[in-house]
Structures are given as C-alpha cells and as structure tokens.
Amino acid sequence: MQIVFEKRTLANGLDVIVHEDRDLPIVAVNVWYHVGSKNERPGLTGFAHLFEHLMFEGSAHHDHGYFPPLQEAGASLNGSTNADRTNYWEVVPVGALDRALWMESDRMGWLLPALTQEKLDNQRDVVLNERRQNYENRPYGLAQIAIAHALYPPTHSYYWPTIGDVADIRAATLDDVSAFFARYYHPANASLTIAGDVEATRAFELAEQYFGAIPAGPLVDPVVPPPVDLVADSRLVLEDRVEFPRLYLAWHSPALFADGDAECDLLADLLSNGKTSRLFRSLVHERRIALDVAAYQSSRELAGMFQVIATAAAGVSLEALRAGIDDGLRAMAASGPTIAEMTRARAQAESGFVQRLQTIGGFSGKSDQLNAYNIFLDDPGAFGRDLARYRAATADGVRRAAGSLVEAPRVALSIVPRGRRDLALQGAVEAVAS
Amino acid sequence: MSIDRSRLPFVRDEGALHLPRPQRQVLDNGLPVWTVEHENVPMVSLVLVTRAGASEDPVDAEGLAALTADALDDGAGERDAFALHDAIASLGASLEIDCGPDATAIDITTLAATLPEAAHLLADVACRPRFDANEVERVRDLRRQRIAQMRDVPSAIAERVFVETLFEGHPYGHLSMGRDLALAGLGADDVRGFHRARYGIDRSLLIVVGEASHAEMRTAAADAFGTMGPSQEPLVRGRIERMPTSGLAGTLLLIDRPGAPQSEIRVGRLGPARSTPDYFASIVMNAALGGQFVSRINLNLREDKGFTYGVRSGFDFRVGPGAFVVQTSVQTDATAASVREILRECGDIGDGRPVTPSELAMAQAALTRGYPRSFETGDQIARSCMQAALYGLPDDYFETYVARVRAVDVAAVTQAAARWASPADLFAVVVGDRARVEEELRGVMPRVVVTQG
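Computed from a predicted structure; not experimentally measured.

(A) Spatial organisation of the nonpolar core. Residue and element names in this part refer to chain B. Counting residues in hydrophobic clusters, the biggest one holds 89 residues, and the most contacted among them are Ile 207, Leu 252, Met 285, Val 339 and Leu 441. Considering every element that reaches this core, the biggest residue donor is helix 9 (residues 279-289), with nine residues. The two domains that each donate at least three residues to this core are domain 1 (23-225) and domain 2 (251-451).

(B) Spotlight on the interface of chain B and chain A. Counting residues at the interface gives 75 residues for chain B and 73 residues for chain A. When chain B packs against chain A, close to 6500 Å² is buried across both sides, 56% of that on carbon and sulfur atoms. Together, B:Arg5, B:Phe82 and B:Tyr309 form the three largest contributors to the area buried by chain B at its contact with chain A, with a combined 13%. There are four salt bridges connecting chain B and chain A. The partner of B:Arg5 in a salt bridge is A:Asp106, and the shortest N-O contact between them spans 3.1 Å. Inspection of the region where chain B meets chain A yields 33 residue pairs in polar contact (both at pLDDT 80 or more). For the side of chain B that touches chain A, the secondary structure elements donating two or more residues are helix 2 (81-90), strand 5 (104-111), helix 4 (133-150), helix 10 (296-304), strand 9 (308-316), strand 10 (322-331) and helix 12 (357-369) of chain B. The element that contributes the greatest number of residues to the side of chain B that touches chain A is helix 4 of chain B, accounting for seven residues. Taken together, the residues of the side of chain B that touches chain A sort by class into 33 nonpolar, 20 polar and 22 charged.

(C) View of the confidence of the model for chain B. For chain B, per-residue confidence averages 95 on the pLDDT scale, and 100% of positions sit at 70 or higher. On the interface metric, ipTM, the complex scores 0.93, and its pTM is 0.95.

(D) Up close: the sheet that holds strand 1 (residues 23-26) of chain B. All names here are of chain B. The strand order 1-2-6-3-5-4 describes an open sheet built from six strands, whose pairing is mixed. For this open sheet the edge positions go to strand 1 and strand 4 (94-99), each flanked by a neighbour on one side alone. Between one strand and the next, the sheet's axes are offset by a mean angle of 15°, whatever the strand orientation. Pairing between strand 2 (residues 32-37) and strand 6 (residues 204-210): five bridges, direction parallel.

Parameters at a glance
Residues numbered from 1 in each chain as written. Chains lettered and ligands numbered in written order. Predicted model: local features only at pLDDT ≥ 70, side-chain atom pairs only at ≥ 80, totals over all residues. Heavy atoms only, no water. Core = buried A, V, L, I, M, F, W, Y, C linked by side-chain atoms within 4.5 Å. Buried < 20%, exposed > 50% of the residue type's maximum accessible area, 1.4 Å probe, protein only. Helix = DSSP H or I, 4+ residues; strand = E, 2+ residues; numbered from the N terminus. Domains from an automatic or database assignment. Contact = heavy atoms within 4.5 Å. Buried area = accessible area lost by both parts, 1.4 Å probe. Salt bridge = Lys/Arg side-chain N within 4 Å of Asp/Glu carboxyl O. Polar contact = N/O pair within 3.5 Å; in protein donor to acceptor, adjacent residues only side chain to side chain. Nonpolar A, V, L, I, M, F, W, Y, C, P; charged D, E, K, R; others polar. pLDDT = per-residue confidence, 0-100. Pairing = 2+ DSSP bridges. Axes fitted to C-alpha atoms, helices over the stretch in contact; angles between N-to-C directions.

This is the structure in structure tokens:
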C-alpha cells in the first residue's frame, strides 16, 4: 500500500506535496503549520487555538471573512489545533483550486494587516463559548485537563489543554497574537499538500505562484520538554454533574513513532475495541460491572499517554472496576495476546490504513496524512513505514507493553456525582482542573 | 509570475461528474438489491436497510426497535456473540447498526477480497440472530443506564424534549433509544416477535457498493440472502404519514440546570416530509438562513455577537412529517437575546428581509458545487442510495439535483421560509440555569413553561 506523491520545497522553505487522484472532479488543499499548544508558555496558553480562529476572519486582500468565497465555490473547509500542530483544509471543485490557493496563501502571507482588536475580542468570546460547551458544561468534560495536570509538571507543554486557560484567553493582547503569528505562521514552518484532480506539474506551478513570494520566517527551535517522571501513583477525584462514576487510569507511554508506540496501539485495540476485546468482554459483557470501557494510546511528539477509561454500572464501585482492569492488564502482561488476537489486531490496523485512503481531503484524508508524515517524519511517503510498524509488532512486544503499565506509576482519576466523594477510589484527593 | 491580489480568482465550473448509477435488481426470493461499482480503495460496503425503525415501536414498548437492532449482533447463526465479532474483526471488517425513525440500517464494510464472507455474516446478523434471553436482558439493562446517563447531557435533554413534544402521540414521538419505563418491561420474546414481524424481504433493501463488479456483488448477495423470507407484518402505509397535532407554537419549555455556564437551545416546529414539493426551495432557504457557517444566524450569533461556538438550522426530513430546528448552545447571560435573534432571523427571511440575489447564489452554489463531494466513498454512495430508496426518489434524482437546486428563485425561498420558519409557528426548548434566564425569556416568547424534562 502506498500513496504516490511528489514533494518539492520552495525557496522560502515551504514544503509542497502533490498527489494525483482523478476519480472525482475535486481537489483537496491542506496546510499544516508545525505549531500547537506545545509551543505556548505558561500564562500565555490557548494561543495556537485562538489563532486558528483568527485565521478565518480575513486577510489583507480579502478582509471579509474566510468562508464566503469558498462556500460559494462549493468548498468544504475547516481547521483544527492540537498540542503539536495546526491544520487547515479545503476540498473544492477542481475549478475553484485557484481560489482556494489564493485564500490560503493570503492568510499565510498577509494576515496581520487585517487583524484588529474587534476581531480578537469577538473570537475570544467564541473560544470561551467553545470551552464552556466542550469542557465546562459537558459531563466528565474536565477529566482530561485534570489528568494532564497530574501527569506533567506545570512547565511541560502538555500540562495545559490546547483550548487554554480561561484567564490566559481573556488576557491575550493583539501584540501577543501578532508576535505568535510572526514566529510560527510562515512558509518555513508549514507544509502544503494539494491532492486530487490536478496534474502534478500544474499543481507545483500554482503553489509557486501563490506561495512563492511569501518571505520565510525564523526557524522554530524544537520544544525541549522537562523530564516527565511520575514517581508514585496519584489518586484524584472530581465531582461533576453525572449519574454514574467513571474511572480514568493514565500512564506515561512512548511518544509518537517511538519504540513501543505501535505495540501500545495494538494493546489498546485488544483491550477495548469491539465486543471480543478483553476488557469489553469481561467488564461490560460478562460481568456487567461497566457501562463502557475504552483504552487508547495517545502518542504525541514530545510524549505519549496511555489511558483506560470505564464507567461504573449502577451500584458498582470504582474499586471493582479498577480491580477488573488491573486483572485484565496483568493477564496480558503475563501471557500476552493469543495468535488469533494478534491476527485480528493486525487485520484491524491494516483495514484502518486502507479506510483512510478513501478520501483526498478533510481530517485524516490522504492530503492530511501526507502532511502529517512530512511534518513529523520529514517523509510524506512514510505511509508504508508506518504500517510496517504494525505488521512487525509481535505478541511479545504487546505483552511487554502491558507489562510496563502494570509496573509503572499512574494517575487514577475518579469522577463522581456531586456530593458523593465517598464513591471515589480510596485515598483520592481533589484534582486540579482549571 | 505574480498574482493579482486585487480580486479573487473566478471559479470555473469544469470537470465532469460521474454520478453513481445503482443497478437495481431483485433476487429470486424477492429481496431488492442495488449494486454500485465504485473504484477507489479495495473495499466494499454492504448495507441492509429495513423498515423496522423506531416509528415501528408498539405503544408502551418505545425502544423495542432499537433494542432489537442492538441485540442482532449478540450471537447469530452458528456463532455466539464473541465468535461472531471475532469473525468480523478477523476479516478486517467493521459492522455498524443504526436504528433511525424510519428504518434500521445494518452496515458491514470489508476488504473487497472478503465480500462473500462479509455478506454471509451480514445475513446471519439480519436473518438469524439468536436473541438469547441473557444477551437481550444485558443489552436492555445497558440501554436503560444509557438513558439515565443522557439526563446529564444538556444537548441530549434538549433533543429529547424537542422530539417528544413536537411529535407527541405520533409514532415519531420518542427517540430511538426509547423510554426507561417501556424498556423495563421488554425481554427476549418481545425482541424475537419484533424481528419476526418486521425483518423481511418486503420491508428490506440490500445495497452493495465498492470495488467489485455488479455480477460479483449480485452473486454474493444471492448466496447470502437467497433464503431470506417475508416479514409477518407487512408495512402499514399511512401510519406515520399523518400529521401530529402540535399546539405548542409560541411556547418555550424551560428545563432547569442550576449553575450551567451555557444554555442549550432548540427553536423549531413540525417540518415537511421528504416528499414535499418544496424540498429544493426549503434546502436552499435553510442554506441561507442557518445551514452553513456563512448563513445569517451563525454570522449574527457567533461572528457578530460571540454568543456561541456555533449555531445551525436544519430540516430533519423523514418518510412522514419531519422537523425544522435551529440549535445552539450559548453563554447563559445571552440566552434570551439569542432566542430573540433566532426568532427575528427566522421571521425576516420570510417576511421583510428576503434573501438577496447574492445570498441566493451563494446558497445554491454551495449546494450544487459541493455535490460531487457526496460521492467520494463507498459509504457515502450507499447512504445516498439508502435515502433514494427509503424516500422513493425518482431514478434520475442524482442527475437532476443540480438543475433543481438552480431552479429555485427568491420568491420560492421566501415562500418556503414563510411556510416553515415563521416565528408565530415556532416553539422552543431551553436547558439552562433557570434562576438566571427565566425572567428575561418571559419577554421573548408568549408562554414560558418550566418543566422537569
């Protein structure tokens, strides 16, 4: 399996990747900036994400909002920010490719002249509402913030959430925001992929025409995180407006593409993906002590995090859930997965890769993957290399991944109904989640 | 060559779109099968659509259709639940079951090389579920607890109250997941009975889309589904087509959520059935009013006032009457102002401030130029086919879509807005901090009723 592509780097440092797919008369434009909340500093958090919002508010030569000309062209478009990167994409009919590139290049090269206090104030309000909707007014919504605060020291970039602290979002000034743009939003810190119904030669010409004149900015130094070291288990509790208590177990784990990362993915799959997975089968199906269970390996550039999350069925204690999860982990650490389990997990991984080849654009389509591999591995074609990690993983590797979870200290967060702190794991102390 | 940044590049309408042409056939036993050859990645999607959705729930058994759908894959044919899912996962396939108001869809997506095996597994799930008492009760108990969990989720509360109020006394008057009390009384016998009565060839259609030939897909379908029989209860026509009598125009239902930082809002009314003659005028109207980022309501509430992360309007089209709804979540201190602005925008577009020619062009272009994107993956194509079948759309529907959207004019949009979005006909649901929002809301709508939800 492979995505056929061509990559060139413009004089200003912009990586341009082109992939032809002539099935439908549509083209995907996808831009990654190698900046996320990991590049922020304490007291100035939430900038990368707030900035993503401002990128849709107009640029010097088109200062009336980013959406109208593209929606008029039949485009689908969006952007997203996480700890490691920010991406922006459009999928347009082939006749609107010029317009999409014009718009993307204008905001890469000429955003600041159009940035005003009024826009900043408006999008600050929108972001605060995004935070209320997705964190504060959502059951269990503060869990991931509490876990990150417990897992990382306050100086570590993964300590704060990408959405940012409310106080920091409120305090952001036009100067702060402008400085952020100048430092991170320029061709040498970006990667552009054009994928779809366009000849490669023409795509490269267009990229040069639209983006070639934008000056390169300063190179961005890699973020060097302080060491992470959870010396002992940490038991935390949060009260929330929920009916059923939920337990979160979180560990440090291998970073993105590091040794052991793929094994952790397969382990997570075997623990909780589908009805035959071990924890689902034992906790939800057979013993009926959990309403749901999820395990996942969240690997990022600087560090990884492995989590197991389970919601207690009515009348079941979180202690019973913890014991059930630990039994499952210990069994996996002792004898590893069966041959049939490994075959199944690899088949699932493989078809997951194929499924992601179905679309040219959007989140996780081909253009997004080419940029991801280019930004993280400096190799847009790492698709096969990535898949090979899963093909090469062994049962013993997965067993060892489980073993390291059994051994290592972890964060155990109990989320309990208001006024029912007695339902938390024993010895849990109030979590910090603001 | 330097770029002219004084104006935007024109959009050229170019590139030919090959729309999917389902080959429609009927197996010897009478099961209709649509196949679509689609080359993209070596995968195939099979979807069995059956008219056994939540509107088929018997009175006092709300949730039975979804419970049945949910238990289909807990053991079927020769395999118990674990062996069945092991078989699916080992193919690299994935199975999804979705129970909507009008139909239940069972969808298996697999690598093209394993099409015959996947078809057999799908047939087992659809036609030969075991429904062991133990499994059915387990699924039922999980769903009851899920219902309890949903009471903590503001958007789920608003959604439930909106649907239950709008369609009260109608087969659409409950969410698919049902009601706790009704579920409490259901067991394996009910599920088996529901399945026998409704999962038959006369209520079903099989759609196969992917990288395989029509012949291969038809053979796989015939081998797997050739023995599927009729349902015991034929579909009763006209049952869901009748209009519920919702007398709630002008009423705002307020559900207290003390201390909530945001209010969850629904504003809407009964909407047209999918077969409505003004379907195209309605979707163009919606695109201008609230269906997109650049629509009036979002530009107003988000981009002008910053009250919300986003607001959308939309039609929920069904076989029978549907709904028109504006939905959003806004900061608590902007609750009344938001409802007022939503009502104002809904009124303006049908009376006083009709769409401008450029708004109309924008809405039409977004719908027509964006159309090719709906046919990229096998799943998307299967979904389009499913709707075409469920709603009885004409054979040339995909081909004529663009022309019919373009034919909508300002007068038709204004008329659709006056018909479906007129403020006097709207009712609202707000889930929020009563102490902070009630008084102001009383100045916005004629009646405010505080309920438990």
